[in-house]
Amino acid sequence: MSTELSFTDTHVHLDLIPSWREDLPALRKMGIRRFLVPDVSFSLDQADLVTAEMVFPMWGCHPAYAGTPWREPEGAMAAVGECGLEPGSSPAVEETMEAIFRRQIRLASVRDLPLDLHCIRRQDRILRILEEEDFRGRAVIHGFSGSIESARRWLDRGVILGIGPLILDPRCRRLRDSLVAAGPDHILLETDAPVFRRSSPGDLLLVAECCASLLGISLEDVSRRTEATADRIFFSADHFLPA
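Residues numbered from 1 in each chain as written. Predicted model: local features only at pLDDT ≥ 70, side-chain atom pairs only at ≥ 80, totals over all residues. Heavy atoms only, no water.

A. The sheet that holds strand β6 (residues 139–141), seen in detail. Read from one edge to the other, the open sheet built from five strands follows the order β4-β5-β6-β7-β8, with strand pairing classed as parallel. Both outer strands of the open sheet, β4 (80–85) and β8 (187–189), are each paired with one neighbouring strand and no more. Between one strand axis and the next, the sheet turns by 35 degrees as a mean value, whatever way the strands run. Here strand β5 (residues 115–119) runs beside β6; their pairing, made up of three bridges, is parallel. (Pairing = 2+ DSSP bridges. Helix = DSSP H or I, 4+ residues; strand = E, 2+ residues; numbered from the N terminus. Axes fitted to C-alpha atoms, helices over the stretch in contact; angles between N-to-C directions.)

B. Fine view of the nonpolar core. Core analysis: the largest hydrophobic core is formed by 64 residues, its most contacted members being Leu115, Leu117 and Ile163. The element best represented in this core is helix α7 (residues 203–215), accounting for eight residues. Leu115 has contacts with Val80, Cys83, Gln104, Ile105, Ala108, Leu130, Phe135, Arg138, Ala139 and Val140, leaving out every residue within four places of it along the chain. Counting residues in each nonpolar core, the second largest holds 11 residues, with Phe56, Ala79, Leu188 and Ala230 among its members. (Core = buried A, V, L, I, M, F, W, Y, C linked by side-chain atoms within 4.5 Å. Buried < 20%, exposed > 50% of the residue type's maximum accessible area, 1.4 Å probe, protein only. Contact = heavy atoms within 4.5 Å.)

C. Structural view of the sheet that holds strand β2 (residues 32–37). Taken in spatial order, the three strands make up an open sheet running β1-β2-β3, and their pairing is parallel. Unpaired on one side and paired on the other, β1 (7–9) and β3 (55–57) mark the two borders of the sheet. Ignoring strand direction, the axes of neighbouring strands in this sheet form an average angle of 20 degrees. Across three bridges, the pairing between β1 and β2 is parallel. The residue bridging Asp9 from the neighbouring strand is Phe35, located in β2. Packed on one face of the sheet, α7 meets β1 and β2 and runs near 120 degrees to β1.

Next comes the structure, spelled out in structure tokens:
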């Protein structure tokens, strides 16, 4: 592989992979050079992760853990997330999810950090809350799997589509059509490893190759254009805040 190729896994749970430190050299030889690690319950060991080169922790609370007591972030973080909404077991649970989501949106606005969004059947509500909170920052919808219309609604709000290993499944025509409609300048690559179907960080190269084939462009173009988007969303000037 050309040494000029470079990729960023924008959503990977390295903290759930015991061998992640030992795996990094091989991943970097594949061209996977940067890794963004989401938090799910205000509990990610950021201090441990940042000791590894080009590993960037997020900070946040997944809606499934919305009952977790709020904890102020400590140290460096690349984004707020993963955060968002999904169906809850009761109206009270969904109210708690929404409250913690709003609080994370406000933190992202104050600190000029991007949002790493989680959404299961709650696009309308998330978009409305972003508008109500007057959020004008950067955001990515992680693990996007929706229709062209859904993609357009996210993109109209300035939210980038996170494309993961689901794109590899030829049965996912809806997602593949959405990718083509969005184009290479409006996507980011991710694996969600090891949470998504036992995926691994190395699957990112398969995702990139599949995107190149579906979009009818070279792997080099996918690398260049998704890296430019990753730079803009996560690594823009004065964005990654030091401890």
